[in-house]
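# Per-entry structural report
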Amino acid sequence: MSERKDFLRTIVEADIKSGKVKEVVTRFPPEPNGFPHIGHAKSIAINFGIARDYNGHCNLRMDDTNPTKEDTKYVEALKSAVEWLGFEWKDDVCYTSDYFPRIYDYAIELIKMGKAYVDSLPEDEIREYRGTVKEAGKRSKYADRTIEENLELFEKMKNGEFKDGEHILRAKIDMSAANMKLRDPLLYRIRHVEHFRAGKTWAVYPMYDFAHCLSDYIEGVSHSICTLEFENNRDIYNWVLETLGLTPERPYQHEFARLGINYTVMSKRKLLELVEGGQVDGWDDPRLPTIAGYKRRGYTPESILAFCDSVGIAKANSMVDVSQLEFCIRDDLNPKVPRVMCVLDPLKITLVNYEGNEEIETSYYPHDVPKEGSRKLPFSNEIYIERDDFMQNPPKDYFRLTPEQSVRLKGAYIITCKEVIKDTSGNVIEIKAEYSKESKSGSDTSGIKVKSAIHWVDANAAIKVEVRLYDRLFSVEAPEGVADLNANSLTVIKDAYIEPAVINEKPDERFQFERQGYFYADPVDYTDAKPVFNKIVGLKGSWDKKKTKTETVPKIRAKKEQVDGEVVAMSDAQTALFTKYTQELKLNSEVANTLARDSQLSAFYEEALSEINSPVSLANIVTNEVARELKQMQISELKFSTSQISQLVKIIDDGTISNKIAKQVFQEMVKSGDNPSKIVEDKGLVQISDPAIISAIINEVMAKNPDNVEKFKTGNTKLLGFFVGQVLKSTGGKANPQVVNKLVAEMLK
RNA sequence: UGGGGUGUCGCCAAGUGGUAAGGCACUAGUUUUUGGUACUGGUAUUCGGGGGUUCGAGUCCCUCCACCCCAUCCA
């Protein structure tokens, strides 16, 4: 588990520490309208994981507010996904539909407060009235209805007295809000549809934005974690809770970036299209990124969870490389599963000097997997090897069987090719070979050196099995539709040959087929009469990669040309200010520019300047420090005054404090509004410039870091900053950095 | 001149103004009866671009650029 916390856990910890939150309560709130995919797994891992890490709990809640789309079969899929991943939800599964009565009451309350109204505009007009992203909307004429009228109408809506779409309940917020979600959002719509749980009780159903925050509140959720696309919805989330006065212990929403993986699709809509379009064989098709698909393919819950953990949680949209997922499943299975031999594309070998047959006891696990268990490998004069483990005209770095190169049959003997038999069209159909009697595995006295050991099966004892090979579902990294499907995503091998112990003894359900990959006994189609194995993932394999590498087109990346946009021209007044600042006050143009363009800043600057004649230093402080504070508030809200800033500049100019300390003092001024000189005095921040004192400290630091001194002397000059930093740290930032710098440079020479 | 987000290696992702973590991928070597695993090394003089502040900037300020989300009676 990684030491470093993700940003969500950082927030949660801060909330616990500040006392804002007593118990951490999260929830995984899917809408039961589709099968969960690995993106849901990430959300499950986050929500249940955080609850577990902070001794809280996590609810599984079906967000079932839209009766036209939802169904019980999806509820079951969701539940089993969470269980399969190994998490437990608190008490019973929750349903938003169970809260319908309370949510309805909250709606009434909002109406009574005059904060919600029944609108009777037709759908297209509502859309039209909403305005656009760049233009304000306008309010419906129905917004003026009286509270009584609204109450009566809403009651009738609930009672089913109106048709679908005839009326709608909306919040009364702001039709010209820059955030479009706030333009009188819809709260309730009429739906004469039977709900899969609530039945026919309701004719009105709450919208997501109204139901979700209230459901969180009702369940006592502390951290409502969702994906980035809900960032705009956070304002309504807060509006509803605040307007209803639901302040104590209320939930807060936090957003993270959803998971994307290349060569696949991750939206329920696209997944549904594939399933319904027959491009895949159901929701649990092993090529799908659904939990059911991964489960059927043979992925373990541990590997999925490890993957979710490894990709991290952040806010940047990203697309994770499938190889990261593949690493996780290999990493999980490698130390766990038995090694077994299976030939997918058989080439017959006849051992001309071998008679009879035998059974060779062989461990299921390689030397580096500390597990017990073995089976008997039948051996006779007829065996199968993999077709591409023989080459008649091999390249130099080919390690397997050739007419000139012997090879070991893993766990058995070394064989040498004697004759290559071909059919009329030149295909190799059989090899006649000799085995070395003295080369038996474990008691090899033959002295023959081979470059590799290949897998094989006894032709007579092997069992025919079906093996399903999966490749990426799409052939492009960011697929857009069925046109991007990979035509070869599924290869079915009907007649692969596997050693008998796998079928007869069933030592496990997941195996490593030696030298090929990890495979899983298909939980649906496998029968003893017709065993079926799914390929989970291939082994890493550096040989195959070398072969195919030459084919991959080298990426030619055109250097992105950075186009600079046009800077907005200054107004006449701004230009005049700019000229004054650069010409009269000798400010550099960047600082002058910033000041001149910001009327608040320039006003602040001018006022402070009237108290101290140090235009450049003052301008620097104002543009760089004061500007930050002014981004969040008006001048009138600042705790510090212009004259205090002048005082600050004064003690910087006269050398009382360094620039570094000035930042610290400024931060204190922002918080307390105290005079800078008082802060300096209270905290003893006067800078130390005495070279004698500073040299002593430098000596200490050097004594503590002999390695770095050495590194520095051998040329790593980046370390100068390290030493300066250390010295400053040990003086609490008070050492005069310029003196420190000079001294360190001299002393390290 | 709508608003809200995000830009650190090929892909993810850490990073209180003081030596640019880690994983995947890639690569070289050691071990190996899996071209696997394990182990050891190599992989960002630089953080979207340009300026500024500072002794010192991925971190602070200004500005430009790119990408994502928002105008379902979906969630």
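Quick look at the structure, then. (Residues numbered from 1 in each chain as written. Chains lettered and ligands numbered in written order. Predicted model: local features only at pLDDT ≥ 70, side-chain atom pairs only at ≥ 80, totals over all residues. Heavy atoms only, no water.)

Pairing is possible between side chains of opposite charge, provided their charged atoms come close. Evaluation of the coordinates by the stated rule reveals 49 salt bridges. For Lys410, the salt bridge identified is with Glu514, shortest N-O distance 3.5 Å. Here the residue Lys410 occupies a position in the loop between β16 (407-409) and β17 (414-422), and Glu514 occupies one in the loop between β23 (510-513) and β24 (517-521), the gap between them amounting to 104 residues. Notably, a salt bridge pairs Lys506 with Asp528, separated by 2.7 Å at the nearest N-O pair. Here the residue Lys506 occupies a position in the loop between α13 (500-505) and β23, and Asp528 occupies one in the loop between β24 and β25 (532-538), the gap between them amounting to 22 residues. Residues participating in the shared-partner salt-bridge network are Asp284, Arg296, Glu466, Arg468, Lys494, Asp522, Asp525 and Lys530. (Salt bridge = Lys/Arg side-chain N within 4 Å of Asp/Glu carboxyl O. Helix = DSSP H or I, 4+ residues; strand = E, 2+ residues; numbered from the N terminus.)

Before going further, it helps to examine helix α19 (residues 642-653). Its 12 residues give α19 an end-to-end C-alpha distance of 16 Å, which sits within 8% of 16 Å, the value for a rise of 1.5 Å per residue. What α19 keeps buried is the set Thr642, Gln644, Ile645, Ser646, Leu648, Val649, Ile651 and Ile652. The inward-facing, buried residues of α19 abut α17 (599-609), α18 (615-632), α20 (659-672) and α21 (676-683). (Expected span 1.5 Å × (residues − 1). Buried < 20%, exposed > 50% of the residue type's maximum accessible area, 1.4 Å probe, protein only. Contact = heavy atoms within 4.5 Å.)

What follows concerns the side chain of Ser489. Assignment of secondary structure puts Ser489 in the loop between β21 (463-470) and β22 (490-498). By relative accessible area, Ser489 is classed as buried at 4%. In this structure the side chain of Ser489 is engaged in a polar contact, spanning 2.9 Å, whose partner is the side chain of Arg287. The residues touching Ser489, leaving out its near neighbours within four places in the chain, are Arg287, Leu469, Tyr470, Asp471, Arg472 and Leu473. (Polar contact = N/O pair within 3.5 Å; in protein donor to acceptor, adjacent residues only side chain to side chain.)

Attention now moves to the nonpolar core. Formed by 41 residues in total, the largest nonpolar core has its most connected members in Ile38 and Ile304. If we ignore the near neighbours within four places in the chain, the residues touching Ile304 are Ile38, Ala41, Trp84, Leu85, Tyr294, Tyr299 and Leu325. Tyr106, Ile111, Phe210 and Leu244 belong to the second largest nonpolar core, which has 39 residues in total. (Core = buried A, V, L, I, M, F, W, Y, C linked by side-chain atoms within 4.5 Å.)

Relative to the helices and strands, Asp458 resides in strand β20 (residues 456-458). Here Asp458 falls in the buried class, since its relative accessible area comes to 6%. On a C-alpha basis, the gap between Asp458 and Val407 in space is 16 Å, while along the polypeptide they are 51 residues apart. Beyond its immediate stretch of four places on either side in the chain, Asp458 contacts Pro378, Phe379, Ser380, Glu382 and Ile383. In this structure the side chain of Asp458 is engaged in a polar contact, spanning 3.0 Å, whose partner is the backbone nitrogen of Asn460.

Turning our attention to the protein's contact with RNA strand B. Taken together, 96 residues lie around RNA strand B, and Arg4, Arg339, Asp368, Ser441 and Arg628 are the ones closest in. At 3.1 Å from a sugar or linking oxygen of RNA strand B is found a side-chain nitrogen or oxygen belonging to Lys69. Within the backbone of Gly565, a nitrogen or oxygen atom sits 2.7 Å from a sugar or linking oxygen of RNA strand B. The biggest single contributor to the surface near RNA strand B is helix α24 (residues 719-730), with six residues. Classifying every residue of the surface near RNA strand B by side-chain character gives 31 nonpolar, 32 polar and 33 charged. (Near = heavy atom within 4 Å. Nonpolar A, V, L, I, M, F, W, Y, C, P; charged D, E, K, R; others polar.)

With that settled, the discussion passes to the sheet that holds β20. One open sheet accounts for seven strands, arranged β19-β16-β17-β18-β12-β15-β20; its pairing is mixed. The outermost strands of the open sheet, each flanked by one partner alone, are β19 (453-454) and β20. When strand β15 (residues 382-386) meets β20, the two strands line up antiparallel, connected through three bridges. Across the sheet, Tyr384 pairs through a bridge with Val457, a residue of β20. (Pairing = 2+ DSSP bridges.)

Before going further, it helps to examine the sheet that holds strand β10 (residues 339-340). Ordered in space as β10-β23-β24-β25-β21-β22-β11, the seven strands form an open sheet in which the pairing is mixed. With partners counted over all chains shown, the strands left at the sheet margins are β10 and β11 (342-343), one partner each. By the bridge criterion, seven bridges tie β21 to β22 in an arrangement that is antiparallel. Counted as the bridge partner of Val467 is Ile493 from β22. Lying on the sheet, helix α12 (residues 322-333) is in contact with β10, β23, β24 and β25; it crosses β25 at an angle near 115°. (Axes fitted to C-alpha atoms, helices over the stretch in contact; angles between N-to-C directions.)

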